[in-house]
Protein chains: 4
Amino acid sequence: MEKETGRVEAFSDGVFAIAITLLVIDLKIPHPSDSDTLASNLFGQWPMFVAFLNSFVTILIIWMNHHNLFGHISRINPLFMLLNGLLLLCVTFLPFPTSLVAEYYGHSGQGSAAILYSGTFLLMAFAFNLLWRYASHKHRLLGKNITAAQVRSINRQYIVGPVFYGLAFILAFVQVTTSLLLIIALAIFYAVTASRSVW
Amino acid sequence: MEKETGRVEAFSDGVFAIAITLLVIDLKIPHPSDSDTLASNLFGQWPMFVAFLNSFVTILIIWMNHHNLFGHISRINPLFMLLNGLLLLCVTFLPFPTSLVAEYYGHSGQGSAAILYSGTFLLMAFAFNLLWRYASHKHRLLGKNITAAQVRSINRQYIVGPVFYGLAFILAFVQVTTSLLLIIALAIFYAVTASRSVW
Amino acid sequence: MEKETGRVEAFSDGVFAIAITLLVIDLKIPHPSDSDTLASNLFGQWPMFVAFLNSFVTILIIWMNHHNLFGHISRINPLFMLLNGLLLLCVTFLPFPTSLVAEYYGHSGQGSAAILYSGTFLLMAFAFNLLWRYASHKHRLLGKNITAAQVRSINRQYIVGPVFYGLAFILAFVQVTTSLLLIIALAIFYAVTASRSVW
Amino acid sequence: MEKETGRVEAFSDGVFAIAITLLVIDLKIPHPSDSDTLASNLFGQWPMFVAFLNSFVTILIIWMNHHNLFGHISRINPLFMLLNGLLLLCVTFLPFPTSLVAEYYGHSGQGSAAILYSGTFLLMAFAFNLLWRYASHKHRLLGKNITAAQVRSINRQYIVGPVFYGLAFILAFVQVTTSLLLIIALAIFYAVTASRSVW
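It should be emphasised that the depicted structure is a prediction, and the values quoted were computed from it without experimental measurement.

A short note on the interface of chain D and chain A
Interfaces are often sized by the amount of accessible area the parts lose when they come together. Each partner contributes residues to the interface: chain D has 39 residues there, and chain A has 33 residues. Together, the buried faces of chain D and chain A total about 3,100 Å²; carbon and sulfur atoms form 77% of this surface. Between the two partners, chain D and chain A, sit 0 salt bridges. Put simply, the parts of the chain that give the side of chain D that touches chain A at least two residues each are helix H1 (6-22), helix H2 (38-44), helix H3 (46-72) and helix H8 (176-196) of chain D. A total of 14 residues in the side of chain D that touches chain A trace back to one element, the largest contributor, which is H3(D).

So this is what it looks like as structure tokens:
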């Protein structure tokens, strides 16, 4: 027997909402020394704000895509719930590498931070593809109103994530700044694409 | 194809509920030195409690207004979801400047804290107006039961936010206390207005 | 025009769920010195665990009562939402005095901690009564299936909270331990009563 | 009068979603000394990541089982809500012993940490059984579409938890690593079982 999708969506929404809100916890209140002012200290922490903003936008976009994916699905099963759990694992983990990048960018250790940051996005993109492929394979969990041509079209769109986050992951080993810029560019690309998309 | 508004409301509600509850995390347990008592230490931290209370009330009011706004909306689209995301970004960010004001009021750096605090409220007011203007422009996403006259009336009401938070933002550069008092006054004004409003 | 109660319940549920889960954040990982073991250190922190448990049970009971209260209500209005917000304010604030009691019980400052802890419960009881009285006054927001006799019966039951939390508040000024024991006794009393109640 | 199960599920989902997301808060950003690199420091913290992952998977599985349990239930009563509260208490508490194990594994105090960690899982398994036994006893709260044979079958499945977590609890006193490996093996066993189950 297959269950309705409602409670899985509600649970996932809860995790997305909490993960996106928890990002702010890692924004550290600065305690400038006497020779420094609060303002200059805050400006000096710009990587923290950029990392916060980038992770916020990315989680928001993933949530929108998750919302779309569930619009195509008419039922769920336990393995689908576990794959969804893998995606949520990446989402809840994201605040940790975000903090790492925020703290280590421009310092020794920025490479490791960027590897973990881009690696988390890469794993997230894989999980999202896995979730979709599992659900859409032979129309396993899809509704009747979606055609095979539409499935193939979505398959093609979803390849962007693993390819470019994979590139960012490789770049993180050699060119930290380029890797991070690529991740930010992807967030902007997804936001612009999402805003123009027709459902 | 346009989707129903339910899951966006649920996600937004989650973010509002978490952001309003996370404010308490920034209430720091005092560790008074020997010459001081816990009671006097707690009283000395009154800016922390005022900032907590003010941010709580403001998020509550924004949530109520968000609730009203969605009452007028009958469908959503991707750009609307991104604009809603911009509003949620301000809401989730609010605990950070709240902590800054709580910690720096009365100390060097209070100006920067007040600028960021009032600036966040100003951006939030802009995001709220943008969300409404986008939805209501040519009745883009509105339901049929709202008239053009009502839209214009709501447009006028919503101007209050950007104008007065803008004033508070400018004041933060010259008169920190006045700026913060204006922000508190706005929260009280909104609460009183909301409690008297007829839906 | 009056709105349906659904989204207020959902938002309140979110705040209750987060506040009850956030309590664990204030459970501090001990770092025993060399002469001490982790086990004895954890046992020494028993006030922290008791405070956590007591606050957890209390929020759970309040949520159950909130659930019951909304079962009697058929519509809401803005002032009711603000009064509900006052109750949620106490609920989100509770982790702070809980931490204070956990840290200061048995040390100098325990009096102030107990005053704030019992005071928060007292304010919460007042807010709950206010919410109910406002909704039930002249059947303002009630459904048709509740009689005036039932309203009076609920009125009487709800007096328990302000009276005994008021007593605990007064006791906190003179007898800290007795005050805290009374608060714990109230949580047990409410849990037992709730488990026996027939809806 | 018995109430519908909707709001209890929503509240529980909220607590599950927050508890699973809060786990990341206890992932500490390392601050390596000069002689160490960020990468080696992160690798050295592998118990923290294993503990995070194990607790994440366990909460996810419990949520899936909770979801299944509620699928069999057609009504609730106050005592059921309190038993559900006991289960949620264990779930919200889990981040604390998770942090303890993450920090103390391989150090003095690892025994106490493992006892508390396995003890929490044991209590959680007891609470889950209690919740199910109470609901299913003489079909108290069950729907009509579940047979007595199905109830007995579920009863048998649910015995696994208390037995093996009980074993892990006993092992924690003598063989910390074996105890923790058993807990991880249980999580994997549950995940595999869940993914193969037919609803």
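Let's pick the thread back up.
A closer look at a nonpolar patch on the surface
Taken together, the side chains of Ile159(A), Val163(A), Phe164(A) and Leu167(A) make up a nonpolar region of the molecular surface, amounting to roughly 330 Å² of accessible area. For Leu167(A), the position within the fold is in helix H7 (residues 148-171).

Let's talk about the relation of the copies chain D and chain A
Laying chain D over chain A is done by rotating through 90° and shifting 0.0 Å along the axis; what remains is an RMSD of 0.0 Å. Expressed as an axis order, the relation between the two copies is that of a four-fold axis. When the interface residues of chain D are mapped onto chain A, a mere 8% of them again fall at the interface, so the copies present different faces.

Comments concerning the interface of chain C and chain B
Contact residues are listed per partner, giving 32 residues for chain C and 39 residues for chain B. Counting each side, the surface lost to burial between chain C and chain B is near 3,100 Å², with a carbon and sulfur contribution of 77%. Among the residues chain C hides against chain B, the three largest losses belong to Arg7(C), Phe11(C) and Phe96(C). Together they make up 26% of the total. Our count for the chain C to chain B interface comes out at 2 residue pairs in polar contact (both at pLDDT 80 or more).

About the thresholds
Residues numbered from 1 in each chain as written. Chains lettered and ligands numbered in written order. Predicted model: local features only at pLDDT ≥ 70, side-chain atom pairs only at ≥ 80, totals over all residues. Heavy atoms only, no water. Contact = heavy atoms within 4.5 Å. Buried area = accessible area lost by both parts, 1.4 Å probe. Salt bridge = Lys/Arg side-chain N within 4 Å of Asp/Glu carboxyl O. Helix = DSSP H or I, 4+ residues; strand = E, 2+ residues; numbered from the N terminus. Patch = residues over 30% accessible without salt bridge, like charges linked within 9 Å, V, L, I, M, F, W, Y side chains within 5 Å. Areas by Shrake-Rupley, 256 points an atom, 1.4 Å probe, with all protein chains shown as cover. Least-squares fit on C-alpha atoms with pLDDT ≥ 70 in both. Polar contact = N/O pair within 3.5 Å; in protein donor to acceptor, adjacent residues only side chain to side chain.

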